[in-house]
Amino acid sequence: MISLANIEKVYRTKTIETLALNNINLEVAKGEFLSIMGPSGCGKSTLLNIMGLLDEPSEGAVEINGTQFKGYTDKQLAKFRNQTLGFIFQSYHLINDLPVVDNVELPLLYRKISGSERRRLATEALAKVGLSNRLSHFPNQLSGGQRQRVAIARAIVGNPKIILADEPTGNLDSVMGNEVMDILLGLNEKEETTIVMVTHDETMAQKTHRLLRLFDGSQVV
């Protein structure tokens, strides 16, 4: 599902050059649940952003679900992301002025789907994460764990083949963190969704199929 070949990422300013990723080679199989761990600043989020087509590598090739992206416009990349990828962030990124069900519908606004169909799909996604009774609530009326479940519902509402999760349990206590992790494991096992998760939590990482460690932008064998 994901293939990275000889990935390098360099950030340059007029006075300094920073090597964020160095010679990353990675294959993620269909239906795999991969964790990425490493100290802060080691390149974990940069790697996830490259997988998610939110950032371009300085060198190397990215292939997602059999597609390469050389020559793609921003509009074409956005369409591919919307149809193939789901994103979960540590800080939820919900819109506080919108009810929960409207937050979940947002990715579907970029598809040719009727309003009634958007509502049906959003309601089904919220049911999958156990929030059928929170459709009309606003994000600031929910606990941290509930908000993260809304974020998961938003990520899965378009039936993505791949979910990219950046510290999805990082802001949660152990109970809520385990609840969120159980949802992700369920999506992986029951729907064969491919998941790549950045985490600092060794316990959560050990629940996944495979663990990739990064240090100073390089893979640790």
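See the structure printed just above.
Quantities reported herein were computed from a predicted structural model and do not represent experimental measurements.

Right, let's talk about the pattern of salt bridges for a bit. Throughout the structure, instances matching the rule amount to eleven salt bridges. With its nearest N and O atoms 2.6 Å apart, the salt bridge here joins Glu32 to Arg210. Residue Glu32 is located in the loop between strand S2 (17–28) and strand S3 (33–37), and its partner Arg210 is located in strand S9 (residues 210–215); the two are separated by 178 residues in the primary sequence. Judged by relative accessible area, which is 33%, Arg210 ranks as partly exposed. Arg118 is the salt-bridge partner of Glu105, the closest N and O atoms lying 3.6 Å from each other. In this pair, Glu105 is assigned in helix H3 (residues 100–105) and Arg118 in helix H4 (residues 115–128), connecting sequence segments 13 residues apart. Three or more residues are tied together by salt bridges with common partners; here these are Asp102, Glu105, Arg118 and Arg119.

Moving on, we come to the sheet that holds strand S6 (residues 85–89). Hydrogen bonds along the backbone pair up the strands of a sheet, which may run parallel or antiparallel. Read from one edge to the other, the open sheet built from six strands follows the order S6-S7-S8-S3-S9-S10, with strand pairing classed as mixed. With one partner strand each, in any of the chains shown, S6 and strand S10 (218–220) form the two edges of the open sheet. Neighbour to neighbour, the strand axes of the sheet diverge by 25° on average, direction disregarded. As defined by bridge partners, S6 adjoins strand S7 (residues 162–166) across five bridges and the pair is classed as parallel. Among the inter-strand pairings, Gly86 is bridged to a residue of S7, identified as Ile163. Strands S6 and S7 of the sheet are contacted by helix H2 (residues 74–84), whose axis makes an angle of about 80° with S6.

On to the packing of helix H5 (residues 144–156) against helix H6 (residues 174–191), then. The description of two packed helices rests on the angle between their axes and on the distance between the axes. Packing of H5 against H6 leaves a shortest axis separation of 9 Å and a crossing angle of 15°. Here H6 runs roughly parallel to H5, going by the angle between their axes. As for the relative orientation of H5 and H6, their crossing is right-handed in sense. Residue-level inspection shows Gly145, Gln148, Arg149, Ile152 and Ile156 of H5 in contact with H6, the latter providing Met176, Glu179, Val180, Ile183, Leu184 and Leu187. When grouped by side-chain class, the residues that make up the contact of H5 with H6 number seven nonpolar, two polar and two charged.

Tracing the sequence through the fold places Thr199 in the loop between strand S8 (194–198) and helix H7 (202–205). Polar contacts involving the side chain of Thr199 include one to the main-chain amide nitrogen of Asp201, which spans 2.9 Å. What Thr199 contacts, discounting residues up to four positions off in sequence, is Ser35, Ile36, Met37, Lys44, Glu167, Met204 and Ala205.

Tracing the sequence through the fold places Lys9 in strand S1 (residues 2–12). Within polar-contact distance, the side chain of Lys9 engages the side chain of Asp55 at 3.2 Å. Residues within four places of Lys9 in sequence aside, it is in contact with Thr18, Leu19, Ala20, Leu21, Thr46, Ile50, Asp55, Glu56, Pro57 and Ser58.

Once that is clear, we can look at the environment of Arg134. Summarising the element assignment, Arg134 is placed in the loop between H4 and H5. For Arg134 and Val100, which are 34 residues apart along the polypeptide, the C-alpha to C-alpha distance reads 6.9 Å. Contacts of Arg134, omitting those with residues within four sequence positions, involve Val100, Leu142 and Gln146.

On to the nonpolar core. In terms of nonpolar packing, the biggest core is built from 33 residues, with Val104, Leu126, Val150, Ile152 and Leu184 touching the most fellow members. Going through the elements one at a time, H3, H4, H5, S7, H6 and S8 are the ones with two or more residues in this core. Among the elements that take part in this core, H6 stands out by supplying six residues, more than any other. Val104 has contacts with Ala122, Ala125, Leu126, Val150, Ala153, Arg154 and Val157, leaving out every residue within four places of it along the chain. Listed in part, the 29 residues of the second largest apolar core include Val28, Phe87, Leu164 and Val196.

Parameters and conventions
Residues numbered from 1 in each chain as written. Predicted model: local features only at pLDDT ≥ 70, side-chain atom pairs only at ≥ 80, totals over all residues. Heavy atoms only, no water. Salt bridge = Lys/Arg side-chain N within 4 Å of Asp/Glu carboxyl O. Helix = DSSP H or I, 4+ residues; strand = E, 2+ residues; numbered from the N terminus. Buried < 20%, exposed > 50% of the residue type's maximum accessible area, 1.4 Å probe, protein only. Pairing = 2+ DSSP bridges. Axes fitted to C-alpha atoms, helices over the stretch in contact; angles between N-to-C directions. Contact = heavy atoms within 4.5 Å. Parallel < 35°, antiparallel > 145°, perpendicular 65-115°, else oblique. Left-handed = near helix turned anticlockwise from the far one by under 90°. Nonpolar A, V, L, I, M, F, W, Y, C, P; charged D, E, K, R; others polar. Polar contact = N/O pair within 3.5 Å; in protein donor to acceptor, adjacent residues only side chain to side chain. Core = buried A, V, L, I, M, F, W, Y, C linked by side-chain atoms within 4.5 Å.

Limitation: the analysis is restricted to geometry and does not speak to function.
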